[in-house]
Amino acid sequence: MSEIVIIGGGLAGLVAANRLLDEHNVTVVEKDDELGGMVQSYHVADYHIEKYYHHFFSSDTELKELIAELGLSARVQWVKGTTGYYWGGKAYPMNTPLEIVKFPPMSMWDIIRLGLLVLRTKFVRDVRSYDNIAAGEWILKTAGSGVYNNFFQPLLNSKFGSSSALVSAAWLVGRVKIRSNRGVEGERLGYMKGGFNHLITALVKSINEKGGRIITGNGAVEIVQAGGQVSGVKLNAGTLSCDTVISTVPPVTLASLVEPGTLEFDPTTVHYQGTCCALLGMSKPLMTDGTYWLNIKADVPFGALIEHTNFMPVSDYSGEHLLYIASYFQDHKDPLYTKDEAEVMKMFLEGLEKLYPGFDRSDVLWWELGRDALTAPVYETGYASRILPYKTNIDGLYQAGMFSKANYPERSMNGSIKAGYEAVDAIVRDE
Ligand SMILES: Cc1cc2nc3c(=O)[nH]c(=O)nc-3n(C[C@H](O)[C@H](O)[C@H](O)COP(=O)(O)OP(=O)(O)OC[C@H]3O[C@@H](n4cnc5c(N)ncnc54)[C@H](O)[C@@H]3O)c2cc1C
């Protein structure tokens, strides 16, 4: 029976712990006070709501199976997630083919070319074959500048900012494939009634019942080795002895935990971007046409508005209307990361007023700002060849997370669950 320490209490770490506990002693260490990582929730009044907007897709097999295993299937709801595009001072619905045809910046020829591009992605068996092609170049070649400039370029820009030119067509084809699976009525997205907090809570309960240990608010600062083999994990407070470690933190963080030069991979080859996301509790809805997800092309410091209560009923949230203001940033010097929270909120609220002149700040009952510099790998061209293995070159050290194969070419809850399981499989194989 191995003594295993898992660094990181996000989904990858928690599912790996839950599975390994059947045969091993496991301790999960999490630096934050709360578990869940990117799926952490705020506890507001009498409800929970994710810090960052989340939903899932019907193709997320491992997530659906985990939900069932934990007895939570009754909470799953498949809801129409209506989308829109803010362009030229107005929000346009973009759910049905007819609505897309009416999107003003695109000519009929552009629409046909967009349709053909979408159709083409449906026949792509292995998105990996698009890994060495830049997304922008591929769109221009496949559908022309009208489709690129008026449809995809603003989306790429809002998702990847200054890194958008580097993003591979594998990422784009993967996204288009999954998002275009919607039928004439619009796509249905999965959500858990009451939030993904229920998933994290149920995982924690299962880990506790199996005799696992979870330490929060006490991060790993060093992975200790003896003779090239893992022998323990030093925490901010205390040290844990172990013979196996699964790291679920970003590669650059893992590199800071081991003796310099001992890892065979170069962690700087996997670039991460950060997220700055405000959540507003409001007395009134903002998007009164019922739009859940609005992509934005306008001079504002955010790329999307996600009105959660246009997706799930407002009655689940004590009658409060919940709006995410979402933005990604590429480096630590970005004002969205460096400015203090009140200044960022000021920028966001001014942006909202610009897009929706009727928006009244006094309708905002409360707000929270979630910021993290390492929230997603940037899927640059050639990324597939840089995917990190589950087993590292250090004996007893494994890794799983957003950077793993299971999360290529887009990270997701499902991908991190699968990555956690695949790291467990690698450990079991070595035993
Ligand atoms: C804005 C946003 C929106 C998203 N939307 C969706 C969505 O709609 N659908 C979907 O499926 N997925 C979505 N995702 C992705 C999904 O949340 C992630 O892929 C998944 O939760 C990552 O899980 P993980 O365990 O791999 O990593 P993480 O959740 O990042 O977990 C790693 C954990 O390690 C901890 N840690 C870091 N350093 C240390 C240390 N030194 N010691 C101890 N602990 C440490 C961190 O605090 C964290 O809790 C979204 C993510 C973001 C940021």
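Note that this is a predicted model, so its numbers are computed, not measured. (Residues numbered from 1 in each chain as written. Predicted model: local features only at pLDDT ≥ 70, side-chain atom pairs only at ≥ 80, totals over all residues. Heavy atoms only, no water.)

A few words now on the overall build of the chain. The helix and strand inventory of the chain stands at 11 helices and 19 strands. Taken against the 2.2 N^0.38 rule, which gives 22 Å for 431 residues, the C-alpha radius of gyration of the chain at 22 Å falls within 12% of a compact globule. Dimensions along the principal axes, computed over C-alpha positions, put the chain at roughly 65 × 50 × 40 Å. Residue pairs in contact within the chain that sit at least 24 positions apart in sequence constitute 69% of those at least 6 positions apart. Approximately 18,200 Å² of the chain is accessible, and the part contributed by carbon and sulfur atoms is 51%. Here the chain holds 39 positive side-chain charges and 49 negative ones, and the gap between their average locations is 8 Å. (Helix = DSSP H or I, 4+ residues; strand = E, 2+ residues; numbered from the N terminus. Rg over C-alpha atoms; globule rule 2.2 N^0.38 Å. Contact = heavy atoms within 4.5 Å. Areas by Shrake-Rupley, 256 points an atom, 1.4 Å probe, with all protein chains shown as cover. Lys, Arg positive; Asp, Glu negative; His and termini not counted. Charge placed at Lys NZ, Arg CZ, Asp CG, Glu CD.)

Each α-helix turn comprises 3.6 residues. Residues three or four places apart therefore point the same way. A large share of helix α6 (residues 169-179) lies buried, amounting to eight of its 11 residues. Residues of α6 that are buried include every one of Ala169, Ala170, Trp171, Leu172, Val173, Gly174, Val176 and Arg179, and no others. At its buried positions, α6 is contacted by β6 (83-87), α4 (108-122), α5 (135-160) and β8 (188-192). (Buried < 20%, exposed > 50% of the residue type's maximum accessible area, 1.4 Å probe, protein only.)

Turning next to unusual backbone geometry. With an omega of 5°, the peptide bond running from Tyr408 to Pro409 counts as cis. As for its placement among the helices and strands, Pro409 is situated in the loop between β19 (397-399) and α11 (413-430). One non-glycine residue with positive phi stands out, namely Ala45, at about 45°. You can see Ala45 is positioned in the loop between β3 (41-44) and β4 (47-50). Of the residues examined, Ala45 reaches a relative accessible area of 60% and is grouped as exposed. Although it is not a glycine, Ser318 sits at a positive phi angle of roughly 50°. Within the secondary structure layout, Ser318 lies in the loop between β16 (304-307) and β17 (321-329). On the basis of relative accessible area, Ser318 is assigned to the partly exposed category, the value being 42%.

Where like charges cluster on the molecular surface, the negative patch consists of Glu3, Glu23, Asp243 and Glu431. Among the secondary structure elements, Asp243 is positioned in the loop between β12 (239-241) and β13 (244-247). Taking relative accessible area as the criterion, Asp243 reaches 31% and is therefore assigned partly exposed. (Patch = residues over 30% accessible without salt bridge, like charges linked within 9 Å, V, L, I, M, F, W, Y side chains within 5 Å. Salt bridge = Lys/Arg side-chain N within 4 Å of Asp/Glu carboxyl O.)

To characterise two packed helices, one gives the angle between the axes of the helices and the distance between these axes. Interhelical geometry of helix α2 (residues 61-69) versus α11 gives an angle of 75° and a closest axis separation of 7 Å. Here α11 runs roughly perpendicular to α2, going by the angle between their axes. Across the interface between the two elements, Thr61, Glu62, Leu63, Leu66 and Glu69 of α2 pack against Met413, Asn414, Ile417, Lys418 and Tyr421 of α11. (Axes fitted to C-alpha atoms, helices over the stretch in contact; angles between N-to-C directions. Parallel < 35°, antiparallel > 145°, perpendicular 65-115°, else oblique.)

Turning next to the domain arrangement of the chain. Frequently, the measure chosen for interface size is the accessible area that the parts lose on association. On domain assignment, one finds that the chain holds domain 1 (3-54 + 196-268 + 384-430) and domain 2 (96-179). Look at where the C-alpha atoms of domain 1 and domain 2 centre, and you get two points 34 Å apart. Each partner contributes to the interface: domain 1 provides eight residues, whereas domain 2 provides seven residues. Each partner contributes to the roughly 630 Å² buried at the junction of domain 1 and domain 2, and carbon and sulfur atoms together form 47% of this total. When the area that domain 1 buries against domain 2 is broken down by residue, the three leading residues are Tyr408, Pro409 and Glu410, summing to 71%. Ionic pairing is found between Arg175 and Glu410, a salt bridge with its closest N-O pair at 3.9 Å. Where domain 1 packs against domain 2, one counts four residue pairs in polar contact (both at pLDDT 80 or more). Along the lines of polarity and charge, the residues of the side of domain 1 that touches domain 2 split into four nonpolar, one polar and three charged. (Domains from an automatic or database assignment. Buried area = accessible area lost by both parts, 1.4 Å probe. Polar contact = N/O pair within 3.5 Å; in protein donor to acceptor, adjacent residues only side chain to side chain. Nonpolar A, V, L, I, M, F, W, Y, C, P; charged D, E, K, R; others polar.)

Turning our attention to the packing of α4 against α6. The interhelical angle for the contact between α4 and α6, taken along N-to-C directions, is 95°, at an axis separation of 9 Å. Here α6 runs roughly perpendicular to α4, going by the angle between their axes. Residues Leu117, Val118, Thr121 and Lys122 of α4 form the contact with α6, whose own contacting residues are Val173, Val176 and Lys177. Looking at the contact of α4 with α6 residue by residue, the class counts come to four nonpolar, one polar and two charged.

Now for the site of the ligand. Around the ligand, 30 residues are found, and the nearest of them are Glu30, His54, His55, Met413 and Ser416. Here an oxygen atom of the ligand sits 2.7 Å away from a polar atom, N or O, in the side chain of His54. Here an oxygen atom of the ligand sits 2.8 Å away from a polar atom, N or O, in the main chain of Met413. If the ligand stood free it would expose 1,000 Å²; the protein chains cover 93% of that surface. Listed by contribution, the elements that provide at least two residues to the shell around the ligand are α1 (11-20) and α11. (Near = heavy atom within 4 Å.)

Ordered by their spatial adjacency, three strands build an open sheet running β10-β11-β12, and the pairing between neighbours is antiparallel. Unpaired on one side and paired on the other, β10 (220-226) and β12 mark the two borders of the sheet. With strand direction ignored, the average angle separating the axes of adjacent strands in the sheet is 25°. (Pairing = 2+ DSSP bridges.)

Relative to the elements of secondary structure, Leu114 occurs in helix α4. The buried category is assigned to Leu114, whose relative accessible area is 6%. When the C-alpha positions of Leu114 and Ile139 are compared, they lie 9.2 Å apart, and in sequence the two are 25 residues distant. Residue contacts for Leu114: discarding those within four places in its chain leaves Ile100, Met106, Val147, Phe151 and Phe152.

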